[in-house]
Amino acid sequence: MTTRQPKLIIHGGASSLVDDKGGLQKVRTSLHSIVTEVYQLLIDGETAIDAVVKGCQLLENDPSFNAGTGSVLQSDGQIRMSASLMEGLTQTFSGVINVSRVKNPIDLAKYLQTESDRILSDLGAIELARELQIPIYNPLTEFRAREWIAEWKDDFQGKMGRLFAHTESSEARRGTIGVVALDSQGRIAAGTSTGGKGLERIGRVSDSVMPAGNYATADAGVSCTGIGEDIVNECFAARVVIRVGDGLSLPNAMQKSMAECHKRERDLGAIALDHSGVISWGKTSEILLAAYHNGSTIGDTLEWQTEELMGFC
Ligand code: GLY
C-alpha cells in the first residue's frame with residue numbers, strides 16, 4: 001500500500017479578545033509543542049484516530065485551555081465536560097456529554113468507538129468511567145475557581161460566559177480544543193473536547209459532542225470552536241464535510257460555509273483537512289487559536305486577524 005504524507009491541525013479555541021501578547025506566546029508555545037509531538041506519532045505510523053486522541057489528551061491536560069484540566073465552571077459552580085471522536089473511514093461517531101471528575105473525557109469517547117451505545121450523557125458517562133476504573137480526578141484550577149467566585153460576586157454580569165481559555169495575566173480566554181489528522185494510510189479522524197460555555201444552565205449540551213461541532217468522513221474532517229448554539233444552528237462541521245463529499249474543494253467548502261455564518265452573525269471558528277492533504281481553517285470570531293503541520297513546516301493562525309474568513313495550505 002502506498003503511504004501518504006500525514007497532515008495535522010489542532011485548535012485551542014476561538015476568541016474576541018486580543019489584549020495579551022505574552023499570553024498569546026504561551027499559547028503558541030503550547031500548540032506548537034503539541035503539534036510536534038502528535039505529528040511524530042503520525043510519522044511513526046500511528047493511526048489518525050490514535051493521534052487525535054493523544055492530541056486531545058495533551059490539550060485537555062494543559063490548563064490554558066477550556067477542556068479537561070482548566071475547564072470553566074457552569075452556573076452552579078460545577079465542571080461538566082464533553083468530548084467526541086469521529087473516525088472518517090468507518091464514519092463512526094462517539095462521545096460523552098457533561099461528564100464530571102475524569103481527567104480525559106476523550107478517553108471515554110475513544111472507548112465508546114467500538115461499543116453499540118456510543119454517546120453517553122452525564123450519569124451514564126460517569127458510570128462508564130467507574131466501570132473502566134478510571135481514577136477520580138478533579139479538573140478544577142485555582143484560576144477557574146477564582147473566576148467563578150468573581151462572577152458570583154458580580155451577580156454573573158461579567159464575561160466568563162465567553163468561550164475562552166485563560167492566560168494568567170489577563171482576561172483573554174479561549175476555549176474548546178480540537179484535533180484533525182490524516183494518517184499515512186489516508187485515514188481521517190476528528191476529535192473535540194470542551195468544558196462548555198461557562199455559567200451555562202445545568203443540562204445544556206455542547207456542540208462539541210454533536211456532528212455540528214465534530215465530524216469526519218473518508219473525504220474530510222472538521223472540528224469547531226466558538227458559541228455552541230451558533231455552531232449547531234449552522235451544523236457547521238457536517239456541512240463543510242458533506243460539501244467536500246459533494247465535490248467542492250475543502251477551501252471552497254470552508255469559504256462558502258464561513259460566508260453564510262458571517263452573514264448570519266455567528267461566532268465560531270473551525271479547523272479542517274481533506275483526504276488529499278489540504279489543511280484549512282476559518283473563523284468569524286476575531287482570533288482562532290490553531291496550529292498545523294503540513295509535512296514540511298509548522299504554522300499557526302494566532303495573529304491571523306484579517307477580514308478573510310478562511311485560510312488554507
Ligand atoms: N463550543 C463549545 C460550546 O459551546 O460548548
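Right above here is the structure, for reference.
Analysis parameters
- In this numbering scheme, every chain counts its residues from 1 along its sequence in written order.
- Given that this is a predicted model, residues contribute local features only at a pLDDT of at least 70 and side-chain atom pairs are listed and counted only at 80 or more, while totals for whole chains, interfaces and linings are drawn from all residues.
- Note that water and hydrogens are dropped before the side-chain values are worked out from all heavy atoms of the structure.
- In this text, helices come from DSSP runs of H or I with a minimum length of four residues, and strands from runs of E with a minimum of two, each type numbered from the N-terminal end.
- Both definitions apply: the radius of gyration is a C-alpha atom measure, and the globule rule equals 2.2 Å times residues to the power 0.38.
- Only protein chains enter the accessibility calculation, which uses a 1.4 Å probe; a residue whose area is less than 20% of its type maximum is buried, one above 50% is exposed, and one in between is partly exposed.
- Throughout, a residue-residue contact means that at least one pair of heavy atoms, one from each residue, lies within 4.5 Å.
- Exposure was quantified through the Shrake-Rupley algorithm and a 1.4 Å probe, taking into account, for residues, occlusion by the shown protein chains and nothing else.
- Here Asp and Glu are counted as negative and Lys and Arg as positive; His is not counted, and neither are the chain ends.
- For this purpose, a charge sits on NZ of Lys, CZ of Arg, CG of Asp or CD of Glu.
- When at least one non-hydrogen atom of a residue lies within 4 Å of a molecule or strand, that residue is treated as near it.
- Counting of polar contacts relies on pairs of N or O atoms within 3.5 Å, with two restrictions inside protein: one atom must be capable of donating a hydrogen and the other of accepting it, and residues adjacent in sequence are counted only when both atoms are side-chain atoms.
- Just so you know the grouping, Ala, Val, Leu, Ile, Met, Phe, Trp, Tyr, Cys and Pro go in nonpolar, Asp, Glu, Lys and Arg go in charged, and all remaining residues, Gly too, go in polar.
- At least two DSSP bridges between two strands are required for those strands to pair.
- Convention adopted: a line fitted to C-alpha atoms gives each axis, helices being fitted over their contacting stretch, and angles between N-to-C directions are expressed from 0 to 180 degrees.

Draft legend 1. View of the overall build of the chain. Within the chain, the secondary structure is distributed over eight helices and 13 strands. Over its C-alpha atoms the chain spans a radius of gyration of 18 Å, differing by no more than 12% from the 20 Å that the globule rule assigns to 313 residues. Each principal axis of the C-alpha distribution contributes one length, and for the chain these read about 60 × 45 × 35 Å. Taken across its 313 residues, the chain has 58% of its residues classed as buried. Restricting to contacts in the chain with at least 6 residues of sequence separation, those with at least 24 account for 67%. As displayed, the chain has an accessible area near 12,400 Å², and 50% of this comes from carbon and sulfur atoms. Put simply, the chain has 30 plus and 40 minus side-chain charges, and the middle of one group is 2 Å from the middle of the other.

Draft legend 2. Fine view of the site of the ligand. Taken together, 11 residues are adjacent to the ligand, and Arg 204, Ser 206, Asp 207, Gly 226 and Gly 228 come closest. A distance of 2.6 Å separates a nitrogen atom of the ligand from a polar atom in the side chain of Asp 207. Measuring from an oxygen atom of the ligand, one finds a backbone N or O atom of Gly 228 at 2.9 Å. Among the residues making up the shell around the ligand, the classes are represented as one nonpolar, seven polar and three charged.

Draft legend 3. Geometry of the sheet that holds strand β7 (residues 214–216). If you trace the five strands from one edge of the open sheet to the other, you get β7-β8-β9-β10-β13, paired in antiparallel fashion. Every interior strand has two partners, whereas the edge strands, β7 and β13 (310–312), have only one. Strand-to-strand twist in this sheet, taken as the mean axis angle between neighbours without regard to direction, amounts to 10 degrees. When β7 meets strand β8 (residues 220–226), the two strands line up antiparallel, connected through three bridges.

From the geometry alone we can't say anything about function, so treat these as descriptive.
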